[in-house]
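What follows is the residue order along each chain.
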Amino acid sequence: MFAVEVRESIMVAHSLPDSFFGPAANKHGATFVVDVAFLGPALSRHNVVVDIGRAQAVLKAVLAPLHYQDLDVLPQFAGVLTTTEFLCRHIHHEICAAIRRGELGDGAEALSGIRVTLGETPLARAWYEAALSGA
């Protein structure tokens with residue numbers, strides 16, 4: 001299995017209004033390091049999994065609507081607990097949508113999956129890994 005991984009970061013505000021989350025139930029800021037691995041069993045005709053520049057551009061575009069936003073007020077997250085795990089899956093789905101639009105270019109057709117990892121601190125991270133949904 002081959003992989004190309006790109007990284008970006010975002011800053012958000014949000015709350016997790018449930019006593020399960022203790023102090024994180026209150027509004028707080030979070031800076032996430034976002035790693036996305038594009039996984040494939042073979043290389044493209046250009047001997048890459050995907051173009052790393054396009055992968056970086058897709059990730060940056062997917063994250064732009066979240067960066068410096070209060071997730072609690074975004075309509076797409078109304079009534080949703082925007083946990084780190086949830087955000088991993090959300091980003092995964094948005095990257096799959098970009099792939100369906102052809103934004104990743106050559107090699108995307110051979111991808112077997114994508115892993116999205118969000119690092120909350122140097123000590124804690126979560127990820128979501130799945131096949132390309134509808135891509």
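Before any of the text, the structure's been laid out above.
Attention in this report is confined to the structure presented alongside it. Along each chain, numbering runs from 1 in the same order as the chain's sequence is written. pLDDT decides what is reported in this predicted model: residues at 70 or higher carry local features, side-chain atom pairs at 80 or more are listed and counted, and totals for whole chains, interfaces and linings draw on all residues regardless. Hydrogens are left out, water is left out, and the side-chain values use all remaining heavy atoms of the structure.

## A few points about the side chain of His-92
- Helix and strand labels come from DSSP, where a helix needs a run of H or I of at least four residues and a strand needs a run of E of at least two; each type is numbered from the N terminus. By the secondary structure assignment, His-92 is in helix 2 (residues 84-100).
- Working definition: with a 1.4 Å probe on protein chains only, accessible area under 20% of the residue-type maximum means buried, over 50% means exposed, and in between means partly exposed. Classification of His-92 by relative accessible area gives buried; the value is 0%.
- Residue contacts are counted whenever heavy atoms from the two residues lie within 4.5 Å of one another. When sequence neighbours within four positions are dropped, the list of residues in contact with His-92 reads Ile-114, Val-116, Tyr-128, Ala-130, Ala-131 and Ser-133.

## As for the pattern of salt bridges
- A pairing counts as a salt bridge when a side-chain nitrogen of Lys or Arg comes within 4 Å of a carboxyl oxygen of Asp or Glu. Counted by the stated rule, this structure contains 6 salt bridges.
- For Asp-35, the salt bridge is made with Arg-7, and the minimal N-O distance between the two is 2.6 Å. In this pair, Asp-35 is assigned in strand 2 (residues 28-40) and Arg-7 in strand 1 (residues 2-14), connecting sequence segments 28 residues apart.
- The exposure class of Asp-35 is buried, given its relative accessible area of 11%.
- For Arg-7, a relative accessible area of 53% puts it in the exposed group.

## Focus: the nonpolar core
- Within the largest apolar cluster, 35 residues are counted, with the highest numbers of intra-cluster contacts made by Val-34, Phe-38 and Ile-95.
- Going through the elements one at a time, strand 1, strand 2, helix 1 (52-63), helix 2 and strand 4 (113-121) are the ones with two or more residues in this core.
- Top contributing element to this core by residue count: helix 2, with 8 residues.
- Contact partners of Val-34, with chain neighbours within four places excluded, come to Val-6, Arg-7, Glu-8, Ser-9, Ile-10, Leu-59, Leu-63, Ile-91, Val-116, Thr-117 and Leu-118. The criterion is simple. A nonpolar core is a set of buried Ala, Val, Leu, Ile, Met, Phe, Trp, Tyr and Cys residues joined through side-chain atoms within 4.5 Å.

## Some remarks on the side chain of Thr-82
- Mapped onto the secondary structure, Thr-82 falls in the loop between strand 3 (69-70) and helix 2.
- You can call Thr-82 buried: its relative accessible area is 1%.
- Of note is the side chain of Thr-82, whose polar atom sits 2.8 Å from the side chain of His-14. Whenever a nitrogen or oxygen atom comes within 3.5 Å of another N or O atom, the pair is scored as a polar contact, on the condition that within protein one atom can donate a hydrogen and the other can accept it, and that pairs from neighbouring residues in sequence are kept only if both atoms are in side chains.

## Brief notes about the sheet that holds strand 3
- For two strands to count as paired, DSSP must find a minimum of two bridges between them. Read across the open sheet, the 5 strands follow the order 3-1-2-4-5; overall the sheet is mixed. The sheet terminates laterally at strand 3 and strand 5 (124-130), the two strands that pair on one side only.
- Relative to strand 3, strand 1 runs parallel, the two being bridged by 2 bridges. The partner of Ala-13 across the bridge, within strand 3, is Asp-70.
- What counts as an axis is a line fitted to C-alpha atoms, over the stretch in contact for a helix, and the angles between N-to-C directions run from 0 to 180 degrees. Strand contacts of helix 1: strand 1 and strand 2, with the helix running at about 20 degrees to strand 1, the strand carrying the most contacts.
- Contacting strand 2, strand 4 and strand 5, helix 2 runs over the sheet at an angle of about 140 degrees to strand 4.

## Quick word on the pairing of strand 2
- Of the pairings in the sheet, the one linking strand 1 to strand 2 comprises 13 bridges and is antiparallel in character. When the sheet's bridge partners are listed, Val-6 is paired in strand 2 with Val-36.
- Summarising the sheet, strand 2 and strand 4 pair through 7 bridges and their orientation is antiparallel. Counterpart to Val-33 in the pairing with strand 4 is Gly-119.

## Describing the packing of helix 1 against helix 2
- Their axes nearest at 10 Å, the elements helix 1 and helix 2 cross at an angle of 125 degrees. Between helix 1 and helix 2, the interaxial angle falls into the category oblique. The element helix 1 and its partner helix 2 pack so that their crossing is right-handed. Side by side, helix 1 and helix 2 meet where Val-58, Leu-59, Val-62 and Leu-63 of the first sit next to Ile-91, Glu-94, Ile-95 and Ala-98 of the second.
- Under this grouping Gly is polar, as are all residues other than the nonpolar Ala, Val, Leu, Ile, Met, Phe, Trp, Tyr, Cys and Pro and the charged Asp, Glu, Lys and Arg. A per-class count over the contact of helix 1 with helix 2 returns 7 nonpolar, no polar and 1 charged. Roughly parallel covers angles under 35 degrees, roughly antiparallel covers those over 145, roughly perpendicular covers 65 to 115, and oblique covers all other angles. Less than a right angle of anticlockwise turn of the near helix away from the far helix marks a crossing as left-handed, whereas a clockwise turn marks it as right-handed.

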